[in-house]
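Chain and residue survey
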Amino acid sequence: MTEYLLAVYGVEGQDNYGSEADQDQAFAAVDAFNQKLQAAAAWVFAGGLHPADTASVVRTGSGGRVVTDGPFSEAKEQI
């Protein structure tokens with residue numbers, strides 16, 4: 001069975017919605033989609049993440065496993 005990850009994300013510290021009404025509309029749309037997945041028995045998991053400043057980064061390679069504090073990403077964006 002094919003599995004997909006659907007991510008809803010925003011920029012920390014910024015208002016990601018134009019208004020509270022826009023936010024409510026977005027949340028309602030996500031909730032309706034989640035209910036549709038559940039009804040189709042396609043639901044697997046839903047949950048939120050902690051803020052990026054609480055993250056740990058795990059890297060593996062020839063030197064073994066390295067765990068560091070913080071969102072140290074080589075990209076401009078973090079998800």
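No experiment lies behind these values; they were computed from the predicted model shown.

With that settled, consider the overall build of the protein chain. A tally of regular secondary structure across the protein chain gives one helix and two strands. Evaluated residue by residue, the protein chain yields a buried proportion of 4% over its 79 residues. Within the structure as shown, the protein chain displays about 7400 Å² of accessible surface, and the carbon and sulfur contribution to it stands at 54%.

Below, the discussion takes up the environment of G48. Among the secondary structure elements, G48 is positioned in the loop between helix 1 (20-39) and strand 1 (56-61). When the C-alpha positions of G48 and A7 are compared, they lie 9.7 Å apart, and in sequence the two are 41 residues distant.

Another point: unusual backbone geometry. In this model, A41 sits at a positive phi of 60°, which is unusual for a non-glycine residue. With respect to the secondary-structure elements, A41 resides in the loop between helix 1 and strand 1. Accessibility expressed as a relative area gives 67% for A41, which makes it exposed.

What follows covers the confidence of the model for the protein chain. Caution applies to low-pLDDT parts of the model: their predicted coordinates are not meant to be read in detail. The predicted model of the protein chain averages 78 in pLDDT, with 81% of residues at 70 or higher. Here strand 2 (residues 64-69) stands out as the element of the protein chain with the lowest mean pLDDT, 69, in contrast to helix 1, whose mean of 91 is the highest.

Tallied over the full model, the rule gives one aromatic pair. Ring geometry for Y17 and F27: centres 5.8 Å apart, planes at 85°, overall edge-to-face. Of the two residues, Y17 sits in the segment before helix 1 while F27 sits in helix 1, which places them 10 residues apart along the sequence.

It is worth spelling out a nonpolar patch on the surface at this point. Nonpolar side chains collect at one region of the surface, where Y4, L6 and F33 lie side by side and expose about 400 Å² of accessible area between them. With respect to the element layout, L6 can be found in the segment before helix 1. For L6, a relative accessible area of 58% corresponds to the exposed category.

To continue, consider helix 1. In this model helix 1 runs 28 Å from its N-terminal to its C-terminal C-alpha over 20 residues, within 8% of the 28 Å that 1.5 Å per residue would give. Following helix 1 by one or two positions, A41 adopts a phi angle in the positive range, close to 60°.

The rules we used
Residues numbered from 1 in each chain as written. Predicted model: local features only at pLDDT ≥ 70, side-chain atom pairs only at ≥ 80, totals over all residues. Heavy atoms only, no water. Helix = DSSP H or I, 4+ residues; strand = E, 2+ residues; numbered from the N terminus. Buried < 20%, exposed > 50% of the residue type's maximum accessible area, 1.4 Å probe, protein only. Areas by Shrake-Rupley, 256 points an atom, 1.4 Å probe, with all protein chains shown as cover. pLDDT = per-residue confidence, 0-100. Phe/Tyr/Trp six-rings, centres within 6.5 Å; stacked < 30°, edge-to-face > 60°. Patch = residues over 30% accessible without salt bridge, like charges linked within 9 Å, V, L, I, M, F, W, Y side chains within 5 Å. Salt bridge = Lys/Arg side-chain N within 4 Å of Asp/Glu carboxyl O. Expected span 1.5 Å × (residues − 1).

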